[in-house]
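Chain residues, written in single-letter form:
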Number of protein chains: 2
Amino acid sequence: MGTAQLTAVPEPKYWHLRTVLLRAIDSEFSTGQVIPNERELSARFGVARATLRQALDQLELEGRLVRRRGIGTLVAAPRVGVPVSRREEGWPGSSREQAWQPVDCVSVAAPERLAKALGVEVGALVHTVRRLRVEQGQIVATELLRVAEEALEQVPEIRLSGAAAEGEEQARVVLRRLERLTVDGESRAVELGVAEAEEAGLLQRPPGTPVLVVTTQYASAGRLAALAVSTYRADTCRLTFGETGLVEVTPVSAIRTAS
Amino acid sequence: MGTAQLTAVPEPKYWHLRTVLLRAIDSEFSTGQVIPNERELSARFGVARATLRQALDQLELEGRLVRRRGIGTLVAAPRVGVPVSRREEGWPGSSREQAWQPVDCVSVAAPERLAKALGVEVGALVHTVRRLRVEQGQIVATELLRVAEEALEQVPEIRLSGAAAEGEEQARVVLRRLERLTVDGESRAVELGVAEAEEAGLLQRPPGTPVLVVTTQYASAGRLAALAVSTYRADTCRLTFGETGLVEVTPVSAIRTAS
């Protein structure tokens, strides 16, 4: 074949330490347990504090360790499997689905890029519903769900009693209208991203935290009905697509090396 | 609702600069263009070189910039959409599928964890095929495909002429046998990982590079037939699942902010 290049790239010192630490964590500690402090660890592994800290930072980024002020560094719980598909997650408007909680809604004339993404004219009315996904009591994702008013044309407008609908109430109205559409297709893209300031705040993580960005197009009656951009915490989530339920998906670390 | 916490987490200086730089790149430069050097940039934005470098590192990690020795820092090409589903990608054994190139194969008695992951007895014979995925001339992923010999029981062993099959040849034999099974289900999980030394070498990236790890279970005749762990470069790939083909999925940056 000739394409395989098995020449190893030189491994930085902290990276080697990270691998050694990971093995120690896997074999000696259990979830939620506090690992020894930095002084003890640097003595045990015979490394400088700076190198140790770099390795610990890396493991925290990977979601293997969690630092708690006043407690120390703990072994993180395994990532939560989060189903990502309409069948399991429910159509975005589904009221039966409690995983997604509406936060607010903004309705504006679409600027150029958004209009293009939704396949509508510039200036067309677009609703943006913001939601949070909660799993096992933890916020795992934040989402912007975009729906052009014209995609809801067939669905009667739901009037709210009293004053103009705002925020969360308006979000519920848009979702309820969306629910009446029949979804006949969806396509998804998953990519690595970093939490921007606003998302970071909602996910309760610092800006720049790695996230998994899922972009979903929902089609109804041959046209794009809604576009969702969901931002999942990459440290705590594993996105799952259509489980066969045959054998539980094993943590990747167990099966990721060739021998 | 009460769950939304819109209080902004304080933004580090380099993070703010990264966002400013990103906006400048989007509006003033095109793919492949060399951006000004560090001295010019730190003068233009009035920041210390260390802060600038941190912001540039971040944008490189995000796959927005590429550093080329002797040339400078370039605006990276947009991420490649890589279809991840059997329909588009072909059953792992499919010889029609050229995207995955077999590299080698190791056949061993399964240790405990691997046996559990495959739902076979400890010590059962397991083939591990290593493959590389090439898209547009670039290596985008490396994969370990695990197949228990007993899952291939119904499929006659293919004998190779001459000496015992090894490496790439053995990989092709396993894939050809796998191809004769009918797949009746598959389930996937996608999560963030970091390239371990061996994978990093194959992907031609330094160890620790962020990757998207896709674990796929293939079911045949009600049992697990194969287990694949694919490691995609997170800087250059966007994984796609079942495109509706209605509207091209827009780069996420265009639609990721609420207003």
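These numbers come from a predicted model, not from an experiment.

Trainee: Honestly, the overall build of chain A in this entry has me stumped. Any pointers?
Mentor: The helix and strand tally for chain A stands at seven helices and ten strands. Buried residues in chain A amount to 54% of all 259 residues. Partitioning the intrachain contacts of chain A with sequence separation of at least 6 by distance along the chain shows that 62% fall at a separation of at least 24. Accessible area for chain A stands at about 12100 Å²; split by element, carbon and sulfur atoms hold 49% of it.

Trainee: When you look at the environment of Gly-119 of chain A in this model, what are you seeing that I'm missing?
Mentor: Looking at where Gly-119 of chain A falls in the secondary structure, it is placed in the loop between α5 (112-118) and β5 (125-135). Taking the C-alpha atoms as reference, Gly-119 of chain A lies 54 Å from Arg-49 of chain A; in sequence the two are 70 residues apart.

Trainee: Any chance you could explain the sheet that holds strand β5 (residues 125-135) of chain B here in plain terms?
Mentor: By way of backbone hydrogen bonds, the strands of a sheet pair with one another, either parallel or antiparallel. With mixed pairing, the eight strands of this open sheet are ordered in space as β3(A)-β10(A)-β7(B)-β8(B)-β9(B)-β6(B)-β5(B)-β4(B). Looking along the sheet, the strands with just one partner apiece sit at the ends: β3 (80-83) of chain A together with β4 (100-109) of chain B. Taking the axes of each pair of neighbouring strands and ignoring which way they run, one obtains an average angle of 20 degrees across the sheet. Sheet topology places strand β8 (residues 210-220) of chain B next to strand β9 (residues 223-233) of chain B; ten bridges connect them, and they run antiparallel. Following the sheet pairing, Val-214 of chain B is matched in β9 of chain B by Ser-230 of chain B. The sheet contacts of helix α6 (residues 167-179) of chain B involve β4, β5, β6 (138-148) and β9 of chain B, and relative to β4 of chain B the element is tilted by about 90 degrees.

Trainee: What's the story with the packing of aromatic side chains in this structure? I'm lost.
Mentor: Counting across every chain of the model gives five aromatic pairs over all chains. Centre to centre, the rings of Tyr-14 of chain A and Trp-15 of chain A are 6.2 Å apart; their planes meet at 80 degrees, and the pair counts as edge-to-face. We note that Tyr-14 of chain A, like Trp-15 of chain A, is buried. Judged by centre distance (6.4 Å) and plane angle (75 degrees), the rings of Trp-100 of chain B and Tyr-232 of chain B are edge-to-face. Note that Trp-100 of chain B is positioned in strand β4 and Tyr-232 of chain B in strand β9, a separation of 132 residues in sequence. The same class applies to Trp-100 of chain B and to Tyr-232 of chain B, which are both buried. A cation sits over an aromatic face here: Arg-18 of chain A above Trp-15 of chain A, 4.1 Å from the ring centre.

Trainee: Help me understand the side chain of Thr-142 of chain A, please; the structure alone is not making it clear to me.
Mentor: Checked against the element boundaries, Thr-142 of chain A lands in strand β6 (residues 138-148). If sequence neighbours within four positions are ignored, Thr-142 of chain A has contacts with Trp-100, Arg-130, Arg-131, Leu-132, Glu-199, Leu-202, Leu-203, Val-229, Ser-230 and Thr-231 of chain A.

Trainee: Explain the environment of Thr-216 of chain B here, please?
Mentor: Residues and elements named next belong to chain B. Mapped onto the elements of the fold, Thr-216 is located in strand β8. Spatially, the C-alpha atoms of Thr-216 and Pro-83 are 14 Å apart, while their sequence positions differ by 133 residues. Once residues lying within four places of it in the same chain are set aside, the contact partners of Thr-216 are Glu-186, Ser-187, Arg-188, Ala-226, Leu-227 and Ala-228. Within the local environment of Thr-216, its side chain forms a polar contact with the side chain of Arg-188, the two groups lying 3.2 Å apart.

Trainee: Looking at this structure, I do not really get helix α1 (residues 13-28) of chain A. What am I missing?
Mentor: An α-helical turn contains 3.6 residues, so a residue and the one three or four places further along point in the same direction. Its 16 residues place the ends of α1 of chain A 22 Å apart at the C-alpha level, agreeing with the 22 Å of an ideal helix rising 1.5 Å per residue. Considering only its buried residues, α1 of chain A is in contact with α2 (38-45), α3 (49-61), β1 (65-68) and β2 (72-75) of chain A together with β7 (185-194) and α7 (197-203) of chain B.

Trainee: Would you explain the pairing of β1 of chain A in this entry?
Mentor: Side-chain positions along a regular strand alternate between the two faces of the sheet. Residue and element names in this part refer to chain A. Relative to β2, β1 runs antiparallel, the two being bridged by four bridges. By the bridge assignment, Arg-67 is partnered in β2 with Thr-73. Linking β1 back to β2 in an antiparallel pair, the connection comprises three residues, with Gly-70 at a positive phi of about 85 degrees.

Trainee: Before we go on, may I ask you to explain unusual backbone geometry in this structure?
Mentor: Glycine aside, the phi torsion of most residues is negative, and most peptide linkages are trans. Residues and elements named next belong to chain A. For Gln-204, which is not glycine, the phi torsion reads 60 degrees and is therefore positive. With respect to the helices and strands, Gln-204 occurs in the loop between α7 (197-203) and β8 (210-220). By relative accessible area, which is 43% here, Gln-204 ends up partly exposed. Even without being a glycine, Ala-221 presents a positive backbone phi close to 50 degrees.

Trainee: What is the right way to read the domain arrangement of chain A from this model?
Mentor: How large an interface is tends to be reported as the accessible area lost when its parts come together. Taken domain by domain, chain A comprises domain 1 (13-75) and domain 2 (80-240). Relative placement of domain 1 of chain A and domain 2 of chain A: their C-alpha centres are 37 Å apart.

Rules behind the numbers
- Residues numbered from 1 in each chain as written.
- Chains lettered and ligands numbered in written order.
- Predicted model: local features only at pLDDT ≥ 70, side-chain atom pairs only at ≥ 80, totals over all residues.
- Heavy atoms only, no water.
- Helix = DSSP H or I, 4+ residues; strand = E, 2+ residues; numbered from the N terminus.
- Buried < 20%, exposed > 50% of the residue type's maximum accessible area, 1.4 Å probe, protein only.
- Contact = heavy atoms within 4.5 Å.
- Areas by Shrake-Rupley, 256 points an atom, 1.4 Å probe, with all protein chains shown as cover.
- Pairing = 2+ DSSP bridges.
- Axes fitted to C-alpha atoms, helices over the stretch in contact; angles between N-to-C directions.
- Phe/Tyr/Trp six-rings, centres within 6.5 Å; stacked < 30°, edge-to-face > 60°.
- Lys NZ or Arg CZ within 6 Å of the ring centre and 35° of its normal.
- Polar contact = N/O pair within 3.5 Å; in protein donor to acceptor, adjacent residues only side chain to side chain.
- Expected span 1.5 Å × (residues − 1).
- Domains from an automatic or database assignment.

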